[in-house]
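Listed here are the chains, written in short residue letters.
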Amino acid sequence: KRRVLFASPEETGFGQRATVDQPADIGVLVEALPPGVSGRIDRSVDITVELFRGAFASVSRAQLLNGANGIAIRSAAGSWEIVQFETAEEIEPDVWKLGNLLRGQLGTDDATAAGAEAGAHVVLLNEGVQAAGLSPSEIGLLLNWRVGPSGADFSAASFSDHAEVGGLRALLPLSPVHLRATKNTSGDVAIGWTRRGRIGADSWTASDIPLGEEREEYQVEIAHAGGAVVRTANSLTPGYNYGAADIAADFGAPPDEIDVTVRQFSLAAGWGIAAARRLSL
């Protein structure tokens, strides 16, 4: 039966935001999903899901690369990982094995790095999942939500109540990629990375992607390999020069490896999703 979604910042004054014509297809992980890789098809691990409603189906490679077969999995860190799968096999009644995975889709590679526990919620991203209808002014605000059957008395027990904050994740800058370091003869280390974006970033023809933010700024954290942070700095370009004098002040003897974490800044949402890598010097 059709469901309607209402929201208000108070206990009264609810306005309708969305209508959902079919239930979501949901399930749980039968086995834990280990941390994995993003940016390429992962054949090293399968996802085993008990599905409470609906069914999965395999797709062609072209359909996979065009966005088909997306699911959301609640990661061990609490965030949702978006995963696509190419193959689906029902190995027991209502238990499915999903393979040939594209993990960390739509900028959720931080959830990929966390993995997911057995019993974690899984949602098939089809017509049963609709946008909540947040306005820009409501992003980051705690709102009261009510969900129930269309045409029912709004105060009936058939409506469920929820208090949720939404919209911030969609504004966070994506994690940078291709973190790298080059040491010169003077002992300085040039740390570089490549910016990603949510808006107009899919073209392969342009020399660079649109900035998507009001200004370009990054936070760089440098730490002992597996240890404490020794330096935090900001940069207005996708790179940071870690001078030999600063290295000596932070480490004494020049280290063989350092851990580097980089985040891009958003005026709307703050520091974005982190990219972290151990770099050899």
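In the block above lies the structure referred to throughout.
Residues numbered from 1 in each chain as written. Predicted model: local features only at pLDDT ≥ 70, side-chain atom pairs only at ≥ 80, totals over all residues. Heavy atoms only, no water.

Mind showing me how you'd approach helix α3 (residues 244-251) here?
Turn by turn, an α-helix covers 3.6 residues, leaving residues three or four places apart pointing in a common direction. Turning to α3, its buried residues number three or more, namely Ile-247, Asp-250 and Phe-251. On an axial view of α3, the arc spanned by its buried residues comes to 75°, and they lie on one face. Summarising the geometry of α3, the exposed residues directed more than 90 degrees from the buried face are Ala-245 and Ala-249. A positive backbone phi angle near 80° is found at Gly-252, which sits one or two residues after α3. (Buried < 20%, exposed > 50% of the residue type's maximum accessible area, 1.4 Å probe, protein only. Helix = DSSP H or I, 4+ residues; strand = E, 2+ residues; numbered from the N terminus. Arc of directions from axis to C-beta.)

I'm lost on the sheet that holds strand β7 (residues 95-105) in this one. Help?
Within a beta sheet, neighbouring strands are joined by backbone hydrogen bonds and run either parallel or antiparallel to one another. Strand order in the closed barrel formed by six strands is β3-β4-β7-β6-β5-β8, with antiparallel pairing between adjacent strands. Neighbour-to-neighbour, the strand axes of the sheet open up by a mean angle of 45°, direction not taken into account. Bridge count between strand β3 (residues 26-29) and strand β4 (residues 47-51): three bridges; the pairing is antiparallel. Bridged to Gly-27 within β4 is Leu-51. (Pairing = 2+ DSSP bridges. Axes fitted to C-alpha atoms, helices over the stretch in contact; angles between N-to-C directions.)

It is not clear to me how the layout of surface pockets should be interpreted in this structure. Could you clarify?
Put simply, the second largest pocket is a space of about 220 Å³. Along the walls of the second largest pocket sit 18 residues, with Leu-171, Ile-199, Gly-212, Glu-213 and Ser-266 positioned nearest its centre. Residue composition of the lining of the second largest pocket, by class: ten nonpolar, four polar and four charged. (1 Å grid on protein atoms, 1.4 Å probe; cavity = no way out; pocket = protein on both sides within 12 Å on 5 of 7 lines; lining within 4 Å. Points joined across faces, edges and corners; volume = space filled by probe spheres on them. Nonpolar A, V, L, I, M, F, W, Y, C, P; charged D, E, K, R; others polar.)

Please explain the side chain of Glu-86 as it appears in this structure.
Among the structural elements, Glu-86 can be located in strand β6 (residues 80-92). Other than its neighbours up to four places away in sequence, Glu-86 contacts Ser-58, Val-59, Ser-60, Arg-61, Leu-64, Asn-69, Gly-99 and Asn-100. (Contact = heavy atoms within 4.5 Å.)

I'm lost on the pattern of salt bridges in this one. Help?
In a structure, side chains of opposite charge can pair up when their charged atoms sit close to one another. Applying the stated criterion across every chain yields a total of 15 salt bridges. Of the charged contacts in the structure, one is a salt bridge between Asp-21 and Arg-2, with a shortest N-O distance of 2.6 Å. You can see Asp-21 sitting in the loop between β2 (15-20) and β3 and its partner Arg-2 sitting in the segment before β1 (3-8), a full 19 residues away along the chain. Asp-21 gets classed as exposed once you look at its relative accessible area, which sits at 53%. We classify Arg-2 as partly exposed; its relative accessible area is 43%. A salt bridge links Arg-53 to Asp-25; the shortest N-O distance between them is 2.3 Å. Of this pair, Arg-53 sits in the loop between β4 and α1 (61-65) while Asp-25 sits in the loop between β2 and β3; the two residues are 28 residues apart in sequence, bridging distant segments of the chain. Look at Asp-25 and you get buried, because its relative accessible area is 6%. (Salt bridge = Lys/Arg side-chain N within 4 Å of Asp/Glu carboxyl O.)

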